[in-house]
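# What the coordinates show
Here is what each chain is made of, one letter per residue.
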Protein chains: 2
Amino acid sequence: MERPADRPADPSVAGPANRPTNRHFAAGREFSLIESLFDESHFSRSGEGLGDDAYLLKAGGETWAESTDASVEGIHYRLDWATPAEALEKALLSNLSDINAMGGRTALAFLALGAPAAWGDPEFASLGEAIRGLERRFGFRVGGGDTVRTPSEGSRPMAGFFSITVLGPIRGRPLLRSNARPGHGIYVSGTLGSAAAGLALLERGHGRGRPSAASPAEAAIAAHLSPSPPLGLGPFLASLPGPAAAIDLSDGLSSELWHLSRQSGCRMAVEWGKLPYERELIAAGCGRPEDARDRVLHGGEDYQLLFTGEFSGADLEAMGAHARVTRIGTVEEGAGVVLREPGGRESGLEPGGWSH
Amino acid sequence: MERPADRPADPSVAGPANRPTNRHFAAGREFSLIESLFDESHFSRSGEGLGDDAYLLKAGGETWAESTDASVEGIHYRLDWATPAEALEKALLSNLSDINAMGGRTALAFLALGAPAAWGDPEFASLGEAIRGLERRFGFRVGGGDTVRTPSEGSRPMAGFFSITVLGPIRGRPLLRSNARPGHGIYVSGTLGSAAAGLALLERGHGRGRPSAASPAEAAIAAHLSPSPPLGLGPFLASLPGPAAAIDLSDGLSSELWHLSRQSGCRMAVEWGKLPYERELIAAGCGRPEDARDRVLHGGEDYQLLFTGEFSGADLEAMGAHARVTRIGTVEEGAGVVLREPGGRESGLEPGGWSH
């Protein structure tokens, strides 16, 4: 299949997936094959929203963002780490994060639920509670969906899956990845690397703590299992008069900086000394100091917002109502991503080193 | 979970599924459990579109219909009967049919594709071709989606799945299931029972013919594997000044008549002698005469339109440009569904007898 001439050759940028497929469990050559399926149909004709976290749909006088993601048991979630309801919550939160990253607020969700044979009344009851809890908490509505049983083969029940489509209106200016401009500040919400530290602990067999437990290890695991995307921040940024670029931190800071760099045609320069992370929490998940650095720079699934813009002091203060926001660098003329160390050393930052 | 007081107790009507889950392969008590998940969140707050083939979304001054369906390998499609591309085509067509049944024309589709380990370049290439072919044929666009690998456990690769969300604007008056009124004519497009006859042949191990083959058995199999929903008819009905009710024939005539009866609060009276079906094609799929009757009355997956309204001669003539349309009965005061035989005998018609 031919790739349109104006597309970069990097498969991590191509493809229809509104959010790149989670690399923590599985990745490889075949993913670019699968994603290339939609290249021609998607990218040769769409304009705004191309390669963004969500598709932009114009309906009447409104702009709606729409995103679809699938999560498969054993690939995107593990039921020895999370209950079905927790896995569904996380899947839904990652979708809400996609709409947030476009500047929208999710109004509607549609769920396709593939239920393995082992699920019975308790699982369904807790899934229903989780859905209603999320609807109340985030003000969206489940408009419908589909529920199917996944087949059992002999004594081995097959994996379940969730496929979620979310939609929400954008009031203001969509936060396109192509909106970054030289002179913009580069910002992140929340902290970096916590979810990756939690994943590392789970992979090493660390048991789950109680949700209220305060140890750094348990906080890291909670960050992985139950992310907290700053869902008011995207709509706030969209409401500002100047253009802002945004992307959610699903694949890790370095990968997302590269997306912004490529789609805006700018250089992203960030300072190691300014990156916000919780030292104890990261340390709990890492044996070696270099692992800690890798988690902060490349760890995925924090679902915080990486964004750029020119903001007034009043704007930055108002953002504080939605999330802790830290300026980590500046958009410059040029290309690529550079990392500046406290001593003045500067090096190129390649995308997603740790997860491969 | 409590069911809102104004909901009927019949689980085949309740639940969030825009289209009832295909019963031909799997159904049972657990489906009502799964569907009850969404009852409270969905039905206690939604108005128009409640229990319809698609959800109605108001955006700006427009009304859009939206539907989500999941298809799982081994449950909804079998790769010994159809190629992956054919299975995806059928899944997409059944979604386009849902939007058609609301009076809309699909403008956008989002696909979540769960690809089993066995799929490689040939499968992906043919899926891409199928998607682009459908886009061209039906004038919609794939806005995006997600592609994931389903996990392999040892030497047993897991099933694949498709989850599809479609959206389209309705120009005119949505074809709600609750729009049937006493005095309306009851109509169907196309013919009844062909897809069920084809399914019966496939289940008995009948091999597939070439798509162009003209034997009744091969035509029946083609009707099952590759449905032809009358996609212009729904938008045409929505454009008429008077209210029309519609539903797509996914579960079979008797079930769909019951949906219209319940949701409109009317009696649906149909005449056996007027039901359109292809005698040779039905006969090819059935050993016994009573099986033929069952396929016509209860066979699913024809994806034709069942609709009611008061139509002028000019309206009916114009419908002919979209599909063969046959009047099969009349909406009456009362409740339930009755079947009138040529000799004047009348009996109640229960939903979905054959498929259980």
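The following paragraphs examine the structure supplied in this document. Note that the structure is predicted; figures quoted are calculated from it, not measured.

Tallying secondary structure elements over chain A gives 11 helices and 14 strands in all. By residue count, 62% of the 356 residues in chain A fall in the buried class. When contacts within chain A are restricted to residue pairs at least 6 apart in sequence, those whose partners lie at least 24 apart make up 83%. Of the roughly 12,800 Å² that chain A leaves accessible, carbon and sulfur atoms contribute 49%.

The next subject is the packing of aromatic side chains. One pass over the full model with this rule turns up 15 aromatic pairs over all chains. Seen from their ring centres, tryptophan 272 of chain A and tyrosine 277 of chain A are 5.8 Å apart, and the 35° between their planes marks the pair as tilted. For tryptophan 272 of chain A, a relative accessible area of 16% gives the class buried. On the numbers, 5.8 Å between centres and 65° between planes, the contact of phenylalanine 307 of chain B with phenylalanine 311 of chain B is edge-to-face.

Once that is clear, we can look at the nonpolar core. Among the nonpolar cores identified, the biggest contains 46 residues, and Leu92, Phe162, Ile164, Leu237, Phe307 and Phe311 of chain A are the most heavily contacted of them. Core analysis: the next-biggest nonpolar cluster, separate from the first, contains 44 residues, Ala87, Leu88, Leu96 and Leu175 of chain B among them.

All names here are of chain A. Looking at the secondary structure, you find isoleucine 164 in strand S7 (residues 161–170). A relative accessible area of 1% means that isoleucine 164 is categorised as buried. Once the C-alpha coordinates of isoleucine 164 and glycine 120 are considered, the two residues, 44 residues apart in sequence, prove to be 21 Å apart.

Our next topic: the sheet that holds strand S4 (residues 141–149) of chain B. Residues and elements named next belong to chain B. The mixed open sheet is built from 5 strands, whose spatial order is S1-S2-S7-S3-S4. Either end of the sheet is taken by a strand with one partner, and the two such strands are strand S1 (55–59) and S4. The average undirected angle you get between the axes of adjacent strands in this sheet is 15°. Here S1 runs beside strand S2 (residues 62–72); their pairing, made up of 5 bridges, is antiparallel. Its bridge partner lying in S2, leucine 56 is registered against alanine 65.

All names here are of chain B. In terms of burial, strand S7 (residues 161–170) is a largely internal element, 10 of the 10 residues being buried. Pairing geometry for strand S3 (residues 108–115) and S7, over 7 bridges, is antiparallel. Each bridged residue has a counterpart across the sheet, and for alanine 109 the counterpart in S7 is valine 166.

What follows covers the pairing of strand S1 (residues 55–59) of chain A. On a regular strand, one side chain projects to one face of the sheet and the next to the other, so that they alternate. Within S1 of chain A, 4 of the 5 residues are buried, leaving the element largely enclosed by the surrounding structure. Two successive antiparallel strands, S1 of chain A and strand S2 (residues 62–72) of chain A, enclose a turn made up of 2 residues, where glycine 60 of chain A displays a positive phi of approximately 60°.

Before going further, it helps to examine helix H10 (residues 289–298) of chain B. When H10 of chain B is considered as a whole, its buried residues turn out to be Asp291, Ala292, Arg295, Val296, Leu297 and His298 of chain B. Looking at the buried positions of H10 of chain B, the neighbouring elements they touch are helix H5 (194–203), helix H8 (253–264), helix H9 (279–285) and strand S13 (337–340) of chain B.

Next up on the list: the pattern of salt bridges. On inspection of all chains with the given rule, the structure shows 17 salt bridges over all chains. Residues glutamate 62 of chain A and arginine 171 of chain A are paired through a salt bridge, measuring 3.9 Å at the closest nitrogen-oxygen approach. In this pair, glutamate 62 of chain A is assigned in strand S2 and arginine 171 of chain A in the loop between S7 and strand S8 (185–189), connecting sequence segments 109 residues apart. The class of glutamate 62 of chain A is partly exposed, set by a relative accessible area of 23%. The shortest N-O distance in the salt bridge between arginine 267 of chain B and glutamate 332 of chain B comes to 2.9 Å. Residue arginine 267 of chain B is found in strand S10 (residues 267–271), and its partner glutamate 332 of chain B is found in strand S12 (residues 325–332); the two are separated by 65 residues along the sequence.

Definitions and limits used
Residues numbered from 1 in each chain as written. Chains lettered and ligands numbered in written order. Predicted model: local features only at pLDDT ≥ 70, side-chain atom pairs only at ≥ 80, totals over all residues. Heavy atoms only, no water. Helix = DSSP H or I, 4+ residues; strand = E, 2+ residues; numbered from the N terminus. Buried < 20%, exposed > 50% of the residue type's maximum accessible area, 1.4 Å probe, protein only. Contact = heavy atoms within 4.5 Å. Areas by Shrake-Rupley, 256 points an atom, 1.4 Å probe, with all protein chains shown as cover. Phe/Tyr/Trp six-rings, centres within 6.5 Å; stacked < 30°, edge-to-face > 60°. Core = buried A, V, L, I, M, F, W, Y, C linked by side-chain atoms within 4.5 Å. Pairing = 2+ DSSP bridges. Axes fitted to C-alpha atoms, helices over the stretch in contact; angles between N-to-C directions. Salt bridge = Lys/Arg side-chain N within 4 Å of Asp/Glu carboxyl O.

What is shown is where atoms sit, not what they do.
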